[in-house]
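Architecture and fold: a report
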Amino acid sequence: MSDAARERVEAVLRAAARVSAVDDALGVKARARLPDATGLSPEGVALALDLSVERSASPTELTSLLAWAGAAPRVHVVLSAGVFVAAVRALALAVAAAADVVVRPSRRDPLFAELLVEALARDAGGARVALASELTPGAGEHVHAYGRDETLDAIARRLGPEVVVRGHGTGLGLAAVGATDALDEAADALALDVALFDQRGCLSPRAAIVEGDAARVEAFAAALDAALARREALVPRGRLHESEREAMPAFRATAHLAGSLREGASWSVGAIADARALVLPPPGRNVAVLGAVDAARATRLVAPLAGLVTSVGGSAGSAFVTALTRAAPHARPARLGEMQRPALDGPVDRRRAERARLC
Amino acid sequence: MTREALHERVRRHARALAAGARPDERFDALALDVAMYQAANVPGYARLLAAHGVELARATSVAELPAVPTDAFRVLRVAAHAQADDAIVFRTSGTTTGLRGEHALSTVATYEEVAALAGHAALFEGAPERLELALLAPPVDEAPDSSLGFMLALFARRFASAASHHLREGRLDVAGLARAAERGAPLGVLGTSFAFVHLLDALEGRRLALAPGSFVMHTGGFKGRSREVPPAELRRAIADAFDVADDAVVGEYGMTELSSQLYEANLRRSRGLAAPKSTRHGVFFAPGWMRVRAVDPTTLAPLPPGGRGVLRFEDLANVDSAIAVQTADVGVVLEDGGVALEGRSPGAPPRGCSLAIDELLGGAP
């Protein structure tokens, strides 16, 4: 691996540290302006900056990240909205591959990327990072694109075969609660994962699969309801998107029909002990708690969507959690409470690591 | 009230409407009896009613009752009878995620009756006496849980002098369809929109001219497919390929979760039969035993005629499952009851790393 590449990545981490610091001018700007830009509450922005911004990486993690990145003459990064801190990892991966990087921020939410590039202008570790409003890669150059699978496919088709496109698509997280896990503790940790980014991240858990009977499912749902209420008091939810609001009636009705629904001012928990299929509520702090009598049942629930699961959160050493993680082979295993803080060892989305070329 | 009695009441109601007579009971009275039966026998429906603060005994219209979302048919069994009493189970086509909704019926008699009554009015009334059917959908023996396949087989038995299947094991039999057209008898060609797209691709501009009195019925959309063709473009291409008038191409709208279907009324109009004022392509009409409402997507409050919202269906024939079904399909209900379809609600925002709800909730019916 190249020392120059490592130096460039470390410069991105230094930039990230500045933009997330409370006592740096860029950090102050970020905290002041990101709520409007992202729709998250000021507390939600602060939580994300404090917990989910990568500011360091171990030597092992860096080695893994550099190995993934490979080398390119230039990398063009296409960012999406939803998880503003994703720009850090995206930039780290890009500069790991090339000294020349062009960043096209999300049109809806460009601020964080712009602040990072501003920080890098002063200390880039040898990288040359520029912002652009259009995507214009040359032959042989690489594009790292983030967003919906449909967007990535459209980009790949448009650019043709001479450009290497690496896509980082949509995904979701699942939480797993084993039969002997302490419910209150698990609920509290899960509430943090849910609150981060108001559940809009590709690692954000949308459902929790609980090993046990109906009583245990309801008990966990009640614990999670209480934990989300406590979390709301500390970190209020931000603005909901219109389509998130529009998706709620179907989730509410399905939860009532199939089990129970607990709803607060800005969160909801549906509990379904014997769902035939995975239920995924819309983002915005809504969780489906689904029961599975054993690991085999949980695996069958997850199987149809296994390809979309990017993260499985649960307690280490639990056979139930291990089984669920195996059911989603590309998912990052994590402890509950840490689902949105994966190691900086490569892309968050491991599913496309095996498909480095989309076209 | 037994379910058999309810089914018979619904069939009698539908027959009266189809004959142009006044049914012996009001829509809402019958619908509320069905709802009462479902509240007592569909696990969870009583909970849903309670969650909405609805006291069935006090309700005067089915419009007051909460609807069951189509997604629920995927997650739980929505049925008022035991599994052992299933006469048939229809399943949605699903998506690449493999999640299929299920609609279980305790009897096929009501489904057959209402499908035949509506189909006759939209497609077969005024048709030539000897009409053959060419079907572009998997036959029942290949897709026994397809409600569309079931309906087409019903039409073949009841309304056709002969019928042939031209989509088997995923392969389109263009040569066989050409032979059917060449026989020179009036032909009804019925199939899924996507099958017609494949057919048009295979024809590569060739025509399969149909005899006078022929017509084409297409149904279904393109959700989850790699290719989409705008409805007007598809219709023109079909009309051109089969050398039929634009009005001889009829759209049908149905779904696994409903027992009744809607149709465009242009074929009726072209045959000189009574047709509603807003008859035109893209506007679908429900039979008299079904009501359609556009509702606000967030509050589910009914919208006035002309208001654009997500569509809710109240289907008397859904005795065994849900009297009211809420979809994510977007449309406008016109003054005369016509339903102008506009596609699907986007659901949760597909922004950044979020998944589109429609990716997760299942595909075309």
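Bear in mind that the values here come from a model prediction, so they are computed numbers and not experimental data. Per chain, the residues get numbers from 1 upward, laid out in the order the sequence is written. Going through the entries in the order they are written, you letter the chains from A and number the ligands from 1. Given that this is a predicted model, residues contribute local features only at a pLDDT of at least 70 and side-chain atom pairs are listed and counted only at 80 or more, while totals for whole chains, interfaces and linings are drawn from all residues. Excluding hydrogens and water, the side-chain figures rest on all heavy atoms present in the structure.

Things to note about the overall build of chain A
Selection rule: What counts as a helix is a DSSP run of H or I of at least four residues, what counts as a strand is a run of E of at least two, and both are numbered from the N terminus. With C-alpha atoms as the basis for the radius of gyration, the globule rule is written as 2.2 Å multiplied by the number of residues raised to the power 0.38. A 1.4 Å probe rolled over the protein chains alone gives each residue an accessible area, and that area as a share of the maximum for its type sets the label: buried under 20%, exposed over 50%, partly exposed in between. Working rule for contacts: check all heavy atoms of both residues, and any pair within 4.5 Å makes them a contact. To be clear on the numbers: accessible area is Shrake-Rupley with a 1.4 Å probe, and residue cover counts the displayed protein chains and nothing else.
When you go through chain A residue by residue, the secondary structure sums to 12 helices and 12 strands. Taken over C-alpha atoms, the radius of gyration comes to 20 Å for chain A, in line with the 21 Å a tight globule of 359 residues would show. Considered along the principal axes of its C-alpha atoms, chain A spans approximately 60 × 40 × 35 Å. The 359 residues of chain A split such that 63% are buried. Within chain A, contacts between residues at least 6 apart in sequence are counted, and of these 73% link residues at least 24 apart. Within the structure as shown, chain A displays about 12,800 Å² of accessible surface, and the carbon and sulfur contribution to it stands at 52%.

Re the sheet that holds strand 11 (residues 262-263) of chain B
All names here are of chain B. Note the cut-off: Whether two strands pair depends on DSSP finding at least two bridges between them.
Spatially, the six strands line up as an open sheet ordered 5-4-8-9-10-11, and their pairing is mixed. On the outer flanks of this sheet lie strand 5 (162-165) and strand 11, each paired with one strand and no other. Sheet analysis places strand 4 (residues 132-136) next to strand 5, joined by four bridges and oriented parallel. The residue bridging Leu135 from the neighbouring strand is His165, located in strand 5.

Details of helix 9 (residues 231-242) of chain B
Residues and elements named next belong to chain B. What counts here: Here the expected length of a helix is defined as 1.5 Å per residue gap, with one fewer gap than residues. By definition, the arc is the one covered by directions from the helix axis to the C-beta atoms.
Its 12 residues give helix 9 an end-to-end C-alpha distance of 16 Å, which sits within 8% of 16 Å, the value for a rise of 1.5 Å per residue. Regarding helix 9, the residues found buried are Leu234, Arg235, Ile238, Ala239, Ala241 and Phe242. Viewed along the axis of helix 9, the buried residues span an arc of 165°, placing them on a single side of the element. Elements in contact with the buried residues of helix 9: helix 7 (174-182), strand 8 (187-192), helix 8 (193-203), strand 9 (215-219) and strand 10 (249-253). Where helix 9 ends, the next residue or the one after it, Asp243, has phi of about 55°, a positive value.

What about the pattern of salt bridges?
Filter applied, for reference: Whenever a carboxyl oxygen of Asp or Glu lies within 4 Å of a side-chain nitrogen of Lys or Arg, that contact is scored as a salt bridge.
Under the defined criterion, the tally for this structure stands at 46 salt bridges over all chains. Linking A:Glu242 and A:Arg245 is a salt bridge whose minimum nitrogen-to-oxygen distance equals 3.1 Å. Note that A:Glu242 and A:Arg245 are positioned in helix 10 (residues 242-258) at a spacing of three residues, about one turn of the helix. B:Glu125 is the partner of B:Arg268 in a salt bridge, and the nearest nitrogen-oxygen pair spans 2.7 Å. Pair noted here: B:Arg268 is in helix 10 (residues 266-270) and B:Glu125 is in the loop between helix 5 (109-124) and strand 4, with a separation of 143 residues, a long-range link. On the basis of relative accessible area, B:Glu125 is assigned to the partly exposed category, the value being 27%. Salt bridges sharing common partners tie together A:Arg276, B:Arg91, B:Arg100, B:Glu102 and B:Asp145.

Let's talk about the environment of B:Val114
Residues and elements named next belong to chain B. Checked against the element boundaries, Val114 lands in helix 5. Separated by 100 residues in the primary sequence, Val114 and Ala14 place their C-alpha atoms 6.7 Å from one another. The residues contacting Val114, other than those within four sequence positions of it, are Ala14, Ser259, Ser260, Trp289 and Ala317.

Focus: unusual backbone geometry
If a residue is not glycine, its phi is most likely negative; likewise, a peptide bond is most likely trans. The phi dihedral of A:Arg285 falls on the positive side, at around 75°, and the residue is not glycine. Relative to the helices and strands, A:Arg285 resides in the loop between strand 9 (268-272) and strand 10 (286-292). With phi around 50°, B:Glu204 is a residue other than glycine that occupies positive phi space. Relative to the helices and strands, B:Glu204 resides in the loop between helix 8 and strand 9. Given the relative accessible area of 72%, B:Glu204 is considered exposed.

Side note on the packing of helix 5 (residues 86-97) of chain A against helix 6 (residues 111-122) of chain A
Residues and elements named next belong to chain A. Our working rule: A fitted line through C-alpha atoms represents every axis, and for helices the fit uses only the stretch in contact; the resulting angles, taken between N-to-C directions, go from 0 to 180 degrees. Roughly parallel means an angle under 35 degrees; roughly antiparallel means over 145; roughly perpendicular covers 65 to 115; every other angle is labelled oblique. For any pair of crossing helices, the crossing counts as left-handed if the nearer helix is rotated counterclockwise from the farther one by less than a right angle, and right-handed if it is rotated clockwise. Just so you know the grouping, Ala, Val, Leu, Ile, Met, Phe, Trp, Tyr, Cys and Pro go in nonpolar, Asp, Glu, Lys and Arg go in charged, and all remaining residues, Gly too, go in polar.
As a packed pair, helix 5 and helix 6 sit with axes 9 Å apart at the nearest point and diverge in direction by 45°. When the axis of helix 5 is compared with that of helix 6, the two are oblique. You can see that helix 5 and helix 6 cross each other, and the crossing is right-handed. Between helix 5 and helix 6, the contacting residues are Ala87, Val88 and Leu91 on the first element and Phe112, Ala113, Leu116 and Leu120 on the second. Its residues assigned to classes, the contact of helix 5 with helix 6 comprises seven nonpolar, no polar and no charged.

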